Amino acid sequence: MHSRLILVAFLVASVPLTACRREQPPPPPPPAEETTEETTQPQQPDDDNDAAAERARAIAEARSILEERVHFPFDESTITPETEQLLLQKVEVLQASPNVQLRIEGHCDERGSVEYNLALGNRRAEAVRQFLMDYGISGDRLQTVSHGKERPLAPESNETAWAQNRRAEFIVTAGGDQINPPS
Amino acid sequence: MNRRASWRSVLLLSVLLLPVGTAQAQDVERFPGVSLGLTYETRYQPPLAILPFTGRFGGQEVASRVEAIIARDLRYSNRFVIMDSLPANVVGEEVDYGLWDQMGVDWLLTGRVEGSGEGYVLVLELHDVVFREVADQGRFAIPRQESEHFRMASHIASDAVVWWAFEEPGMAASRIAFSRMGDDGNQELWMVDSDGENLRRITNFGTTTLSPDWSPDGRRVVYSSYKTGLPRVYELNLETGEERQVPAPRSGDYITPSYHPDGERVVFSVVGGGQSGLYTYNIAEGCCMESLTQSRWEDISPRFSPSGDRITFNSNRLGLGVPQIYTMSASGGQPQLVSPFIYGQPSYFTSPDWSAVGDRIAFHGRAERGQPYQILVAEVGGGNNRVVQLTFTGRNEDPSWAPDGRHLVASGERSWGRGLFVVDAVTGNVRQLLTGVRAQVPAWSPSLAPRVEQQLRTTSH
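Parameters and conventions
- Residues numbered from 1 in each chain as written.
- Chains lettered and ligands numbered in written order.
- Predicted model: local features only at pLDDT ≥ 70, side-chain atom pairs only at ≥ 80, totals over all residues.
- Heavy atoms only, no water.
- pLDDT = per-residue confidence, 0-100.
- Helix = DSSP H or I, 4+ residues; strand = E, 2+ residues; numbered from the N terminus.
- Axes fitted to C-alpha atoms, helices over the stretch in contact; angles between N-to-C directions.
- Parallel < 35°, antiparallel > 145°, perpendicular 65-115°, else oblique.
- Left-handed = near helix turned anticlockwise from the far one by under 90°.
- Contact = heavy atoms within 4.5 Å.
- Nonpolar A, V, L, I, M, F, W, Y, C, P; charged D, E, K, R; others polar.
- Disulfide = S-S within 2.5 Å.
- Buried < 20%, exposed > 50% of the residue type's maximum accessible area, 1.4 Å probe, protein only.
- Expected span 1.5 Å × (residues − 1).
- Phe/Tyr/Trp six-rings, centres within 6.5 Å; stacked < 30°, edge-to-face > 60°.
- Buried area = accessible area lost by both parts, 1.4 Å probe.
- Salt bridge = Lys/Arg side-chain N within 4 Å of Asp/Glu carboxyl O.
- Polar contact = N/O pair within 3.5 Å; in protein donor to acceptor, adjacent residues only side chain to side chain.

(A) The arrangement of the confidence of the model for chain A in detail. The pLDDT averaged across chain A works out to 81; a share of 75% of its residues lies at or above 70. Per-element confidence in chain A ranges from a low mean pLDDT of 37 for helix α2 (residues 16–19) of chain A to a high of 97 for strand β2 (residues 101–107) of chain A.

(B) Layout of the packing of helix α2 (residues 60–76) of chain B against helix α4 (residues 150–166) of chain B. Residue and element names in this part refer to chain B. At a closest axis distance of 9 Å, the pairing of α2 and α4 adopts a crossing angle of 50 degrees. By the angle between their axes, α2 is oblique relative to α4. For the pair α2 and α4, the sense of crossing is right-handed. Along its contact with α2, which presents V62, R65, V66, I69, I70, R72, D73 and L74, the element α4 presents F150, R151, S154, H155, A157, S158, V161 and V162. Residue composition of the contact of α2 with α4, by class: nine nonpolar, three polar and four charged.

(C) Representation of the state of the cysteines. Residues and elements named next belong to chain B. One pass over the full model with this rule turns up one disulfide over all chains. Between the sulfur of C287 and that of C288 lies a disulfide, 2.1 Å long from S to S. Between C287 and C288 the sulfur-sulfur dihedral comes to about -70 degrees; the bridge is accordingly left-handed. On the accessibility criterion, C287 (22% relative accessible area) is partly exposed.

(D) Representation of helix α6 (residues 114–134) of chain A in the model. Residue and element names in this part refer to chain A. With 21 residues, α6 extends 30 Å between its outermost C-alpha atoms, agreeing within 8% with the 30 Å of an ideal straight helix rising 1.5 Å per residue. Most of α6 is tucked away, with 18 of its 21 residues classed as buried. Following α6 by one or two positions, G136 adopts a phi angle in the positive range, close to 95 degrees.

(E) Layout of the packing of aromatic side chains. Counted under the stated rule, the structure contains 12 aromatic pairs over all chains. Between the aromatic rings of F205(B) and Y223(B), the centroid separation amounts to 6.1 Å while the plane-to-plane angle is 35 degrees, which identifies the pairing as tilted. Separated by 18 residues along the polypeptide, F205(B) in the loop between β10 (200–201) and β11 (209–214) and Y223(B) in strand β12 (residues 220–225) bring together distant segments of the chain. Overall, the relative accessible area of 27% leaves F205(B) in the partly exposed class. Aromatic side chains F341(B) and Y343(B) sit 6.4 Å apart centroid to centroid with 90 degrees between the ring planes, which places their arrangement in the edge-to-face category. On the accessibility criterion, Y343(B) (69% relative accessible area) is exposed. Within the aromatic cluster, the residues linked to one another by ring pairs are Y116(A), Y348(B) and Y373(B).

(F) Looking closely at the interface of chain B and chain A. Each partner contributes to the interface: chain B provides 40 residues, whereas chain A provides 22 residues. Taken over both partners, the interface formed by chain B and chain A buries close to 2,400 Å², and the fraction arising from carbon and sulfur atoms is 48%. At the boundary of chain B and chain A, one finds one salt bridge. Linking chain B with chain A are 17 residue pairs in polar contact (both at pLDDT 80 or more), by the criterion used here. Counting only elements with at least two residues in the side of chain B that touches chain A, the list comes to β11, β15 (253–259), β19 (299–304), β23 (348–354), β24 (360–366), β27 (395–401) and β31 (439–444) of chain B. Residue classes in the side of chain B that touches chain A are distributed as 13 nonpolar, 19 polar and eight charged.

This is how it looks when you write it as structure tokens:
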């Protein structure tokens, strides 16, 4: 948790300076916001590109945090400690990106029946949604759907494949061009 | 059939049937509280001989094809001992009852195909060898071989023979719809005739489509599909291609639909959004969404009883992570547990289907984790609740009753491969319907005879 807070502090300090530039990339017209006027020094194109590249990298990382899969124990929709860590990172990105909406897809391994696994996959997606809502993310931004066991990642019939297939996936359904790194 | 219980039946029972029963009692996993065995009392299977069909006025060109379809249907009915390889000298116009009686035959089937207008007429006679008379006869319109109804018209005649002999419905004139996974990971609806012929695709949605169920008139199927990215319930008219959607006024996954016996309403599950439950919707009128159950647990896979006054479904409402089978009044109320749940046992039971004949609910399950799924049948009529285990080998899932109320289709796996299997609840006989296909959630149609007969009339007149 400490390292995460440090990361947040770093991002809070550095990111807003360039946040507005993403919308209106260089060359000018200069951004209208006062903060930009006050804090941005005249920059060389190289610095500008560096900042833009850093910004792009941070956005890409935020997107991959949003889209990273989480996994579940056999026949359960329990949020494990590992899953909790991943979901807390998503909370930060979602808080920084109010226009982003997610579809949470619940998946199961091949054991269990077709139709009951649809229910179980939904419980998983709902458990994730509830977790994110408990951290203040509006339920309106979070849609759930279950794919049961019908979309396996790994086709094999062994423990490794089953563990891989018991998962929730995250699809950005709106605001994909407005993802911000945690602030 | 009591009048036919001759000394022959006693002999056959003792010789053929008892060894089957003892073999099944061995080396199988048991469900606590579940008896092994078959759904019905074991019955005498009367020997039936089929004479080679004859033809007149051009009918000879299809006579042997029609005969082959009917002979196989009657074998698949598991109701007769079919006599093949008949001696050449018995073929003739006159039926010698004395000869057939000596050969131990109870029933004799003769058929004649006559050319008629655009198609043919099949004249069938079922002879009662014991009473030395024609027990019943009928004339059946058979279209040309190129017609899509050629085989189904022959199946209708097969079901008539079953009715003549037993006064019970057959299942030859029917189809099985199911979801089939393609190499792209999508699942489309397919169907196949009851004899494993005529395999063909119904949908081409390019997504996951699951849980088909047939309307009582056999003209429509209802299913759930991810066409919009979210599972929603749709109905497809197989004759017109028209598709209707059940509206989704609240969020959640709309899954596992099936028809009310009135053919107008569908019942389905909405899962997610904090509350799950069963709903009905009148898809014929496009109105009247009604809630049957509402809870934080999932009630899924609902099926009406034949009268429509009760419903069976699957639920994890015990809260123990092991779904069970329940029945409930169709107007809601307190559900009753049907599956053989024992507290502390991780027994898992899903996918109920209520037989159209008799108060029987088939489902699949396992007693312990890691065990393959087997089919069980619960008898829910008359206050008793006996459960029997029907299958013992391989994996068997998602049973669906045939219109004859004794056969079930299930998806499954054997040592030699996976596919769809047909299990006879009377004899325990298992037949492979389709192999080498990734088929699941099969649904057996009602008898398609009324629908096909109507189409034959409209096309031939």
